[in-house]
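Overview (structure and organization)
Chain residues, written in single-letter form:
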Amino acid sequence: MLLQTAQYGTGQTPNYDSGPAPESNHPVDKELGTENGGQLFPISSEQKAYVQKYIVKNYFYYYLFRFSAALGQEVFYITFLPFTHWNIDPYLSRRLVIIWVLVMYIGQVAKDILKWPRPFSPPVVKLEKRVIAEFGMPSTHAMAATAISFTLLLSTMDRYQYPFALGLVMAVTFSTLVSLSRLYTGMHTVLDVLGGILITAVLIVLTYPAWTLIDRLDSSEYYSPTRADTTTIMAAGAGVTIGFWINHFFQLMAEPTEALPAIQHIPPLTAGLLVLGLTKFMVGIVLVLLVRQVVQNLSLQVLYSWFKVVTRNKEARRRLEIEVPYKFVTYTSVGICATTVVPMLHRFLGLL
């Protein structure tokens with residue numbers, strides 16, 4: 001009711017002459033929502049099948065909030081963050097990207113854990129269709145806007161000379177406009193927006209003391225294996241995730257027939273089972289090590305050639321611009337190989 005009143009107050013009303021659209025079969029439409037103290041309720045077929053058209057009576061609010069909504073979308077990230085790095089200060093862009101990635105990851109995971117539905121239409125008018133299948137709580141637009149604006153404020157207040165009050169007003173204005181745009185477009189409830197802002201505020205408070213330490217690890221001229229280890233872990237995780245997606249998308253591995261979690265009986269350890277396990281391990285580890293060596297050598301040769309580095313220089317691979325790319329490419333390939341290529345080879349050799 002509050003969201004519907006806000007839309008009416010800003011000159012946006014439903015077009016009651018609009019008719020129903022074909023019913024959606026998206027799995028999100030079939031989820032259960034929560035309301036009235038956590039009571040479960042099914043989304044009605046009328047709410048699923050109805051696409052609400054609208055009439056705009058105040059074009060100032062319309063264009064203001066549509067533009068503000070764009071400030072929390074890809075078009076903004078892909079322009080503002082590189083612009084900051086190229087034209088303002090790489091130090092700022094590094095901090096912005098780190099906090100933005102952390103906040104967005106937590107926000108997207110929270111959506112799929114909580115599974116709170118977006119506002120129903122009708123009565124609410126939804127102006128965006130691209131993310132309509134996504135869950136609502138928390139608002140990642142509000143999270144990203146709050147994170148970027150206040151990270152920029154906290155990172156510049158001791159680096160540049162300007163009135164702090166002016167920076168605070170700009171940060172509040174930016175995050176407020178983006179947050180209100182989610183209400184105007186009908187994509188989030190007030191609780192979704194407030195939840196996103198609160199989560200971001202907590203994350204900033206918890207991580208702010210470590211920002212300087214992260215900068216030192218990221219940009220220090222003193223070599224530390226921490227950078228290499230972090231890159232290796234992130235790359236391996238990315239490769240494994242890509243490998244699982246490839247298996248699922250191309251149906252390379254059979255899905256479990258029983259609903260998880262299913263109780264599995266541990267088979268007795270026999271000589272045949274032991275030999276089979278050792279054979280699968282040896283085949284897999286040989287292929288993984290081969291891929292690791294080949295990809296590492298190729299990526300290093302490309303990077304050495306690109307940066308005009310003498311290949312006999314053993315210290316060259318510790319340089320930031322060489323170590324991070326070659327580690328990431330190498331261990332992403334290892335992760336994909338271990339989860340996709342090796343099981344295919346096992347199947348080909350009859351080891352499954």
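1. Side note on the packing of helix 11 (residues 271-307) against helix 12 (residues 320-348)
Closest axis-to-axis distance for the helix 11/helix 12 pair is 8 Å, and the angle between their directions is 150 degrees. Comparing their axes, helix 12 and helix 11 come out roughly antiparallel. Remark: the crossing between helix 11 and helix 12 carries right-handed chirality. Within the contact of helix 11 with helix 12, the residues separate by chemical class into 20 nonpolar, six polar and three charged.

2. Section: the pattern of salt bridges
Under the defined criterion, the tally for this structure stands at two salt bridges. The salt bridge partner of D89 is R159, with a shortest N-O separation of 2.6 Å. Highlighted residues: D89 in the loop between helix 4 (74-88) and helix 5 (90-114) and R159 in the loop between helix 6 (140-156) and helix 7 (164-184), separated in sequence by 70 residues.

3. What about helix 12?
With 29 residues, helix 12 should cover 42 Å at 1.5 Å per step; its first-to-last C-alpha distance of 40 Å lies within 8% of that length. Its maximal kink placed at C337, helix 12 deviates by approximately 45 degrees. Taken from the residues just after helix 12, G350 is the one with a positive phi, measuring 75 degrees.

4. What to know about the packing of helix 6 against helix 8 (residues 190-207)
Contact geometry of helix 6 with helix 8 gives a least axis separation of 8 Å together with a crossing angle of 35 degrees. The element helix 6 and its partner helix 8 pack so that their crossing is right-handed. Together, A142, M143, T146, A147, F150, T151 and L154 of helix 6 and V193, G196, I197, I199, T200 and I204 of helix 8 make up the contact between the two elements. Residue composition of the contact of helix 6 with helix 8, by class: nine nonpolar, four polar and no charged.

5. Considerations on the confidence of the model for the chain
A low pLDDT means the predicted coordinates there should not be read in detail. This prediction gives the chain a mean pLDDT of 78; 76% of its residues lie at or above 70. When the criterion is pLDDT under 50, residues 19-50 qualifies, and its contacts beyond four places in sequence or with other chains add up to 41 contacts.

6. A short note on helix 7
With 21 residues, helix 7 should reach 30 Å at 1.5 Å per residue; the first-to-last C-alpha distance of 30 Å fits that figure. Among the residues of helix 7, those classed as buried are G167, A171, S175, V178, S179, S181, R182, L183 and Y184. After helix 7 finishes, the residue G186 shows a positive phi value of roughly 75 degrees.

7. A short note on the nonpolar core
Formed by L71, F76, Y77, L81, L96, M104, A144, A145, I148 and V178, the largest nonpolar core amounts to ten residues. Elements supplying a minimum of two residues to this core: helix 4, helix 5 and helix 6. Once you skip the residues sitting within four places of it in the chain, I148 turns out to touch F76, Y77, F80, L96 and W100.

Rules used in this analysis
- Residues numbered from 1 in each chain as written.
- Predicted model: local features only at pLDDT ≥ 70, side-chain atom pairs only at ≥ 80, totals over all residues.
- Heavy atoms only, no water.
- Axes fitted to C-alpha atoms, helices over the stretch in contact; angles between N-to-C directions.
- Helix = DSSP H or I, 4+ residues; strand = E, 2+ residues; numbered from the N terminus.
- Parallel < 35°, antiparallel > 145°, perpendicular 65-115°, else oblique.
- Left-handed = near helix turned anticlockwise from the far one by under 90°.
- Nonpolar A, V, L, I, M, F, W, Y, C, P; charged D, E, K, R; others polar.
- Salt bridge = Lys/Arg side-chain N within 4 Å of Asp/Glu carboxyl O.
- Expected span 1.5 Å × (residues − 1).
- Bend = angle between axes of the 7 residues up to and from the residue.
- Contact = heavy atoms within 4.5 Å.
- pLDDT = per-residue confidence, 0-100.
- Buried < 20%, exposed > 50% of the residue type's maximum accessible area, 1.4 Å probe, protein only.
- Core = buried A, V, L, I, M, F, W, Y, C linked by side-chain atoms within 4.5 Å.

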